[in-house]
Amino acid sequence: MLRSAFLILLLSLLTLTTYGQERYPGLDTLKQEVLALQADVDNIHLNLEKSKSKFQRGILVATLGYTVTIAGGLMLGRENDELGQGLLIAGGVTGVVGTYMLVDAFKFLGRTRRRP
């Protein structure tokens, strides 16, 4: 009788320790998901920062180009007509390059990390 009681007590203790170890079975996967989300957020911040700097440079170049275009247009028909034509072409090209830089800055917003 004492032997069977001891055996039952031993089996119940083994069951309790096994149950105690499996108290939070999804904790490791939860940690992995949180770390993956943190990596995604860090990637988003990096892409936003890249996009912001490229966008600001594009605005600067486009503004400069279109300002030169306007200055060249104001010179047309006056004594500096040839200079005005040159400024129109140079400013137009610079403005188009700046606009391309603006549009190109948005490519970072659509990027996500590659999943295997």
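Residues numbered from 1 in each chain as written. Predicted model: local features only at pLDDT ≥ 70, side-chain atom pairs only at ≥ 80, totals over all residues. Heavy atoms only, no water.

Trainee: Explain helix α2 (residues 27-75) to me, and be specific about the residues and the numbers.
Mentor: A rise of 1.5 Å per residue sets the reference length of α2, with its 49 residues, at 72 Å; its end C-alpha atoms lie 72 Å apart and thus fit the reference within 8%. Those residues of α2 that are buried are in contact with α3 (81-105). One or two residues past the end of α2 sits Gly77, with phi positive at roughly 80 degrees. (Helix = DSSP H or I, 4+ residues; strand = E, 2+ residues; numbered from the N terminus. Expected span 1.5 Å × (residues − 1). Contact = heavy atoms within 4.5 Å.)

Trainee: Outline the pattern of salt bridges, supporting the account with residue identities and numerical values.
Mentor: In this structure the tally under the stated criterion is 1 salt bridge. Two residues, Lys107 and Asp104, come together in a salt bridge whose shortest N-O distance is 3.6 Å. The exposure class assigned to Asp104 is partly exposed, which follows from its relative accessible area of 21%. (Salt bridge = Lys/Arg side-chain N within 4 Å of Asp/Glu carboxyl O. Buried < 20%, exposed > 50% of the residue type's maximum accessible area, 1.4 Å probe, protein only.)

Trainee: Let's hear about the packing of α2 against α3: which residues, and what values?
Mentor: As a packed pair, α2 and α3 sit with axes 7 Å apart at the nearest point and diverge in direction by 160 degrees. Taken together, the axis directions place α2 and α3 in an arrangement best described as roughly antiparallel. Relative to α3, the crossing made by α2 is left-handed. For the contact of α2 with α3, the class distribution of residues is 14 nonpolar, 13 polar and 3 charged. (Axes fitted to C-alpha atoms, helices over the stretch in contact; angles between N-to-C directions. Parallel < 35°, antiparallel > 145°, perpendicular 65-115°, else oblique. Left-handed = near helix turned anticlockwise from the far one by under 90°. Nonpolar A, V, L, I, M, F, W, Y, C, P; charged D, E, K, R; others polar.)

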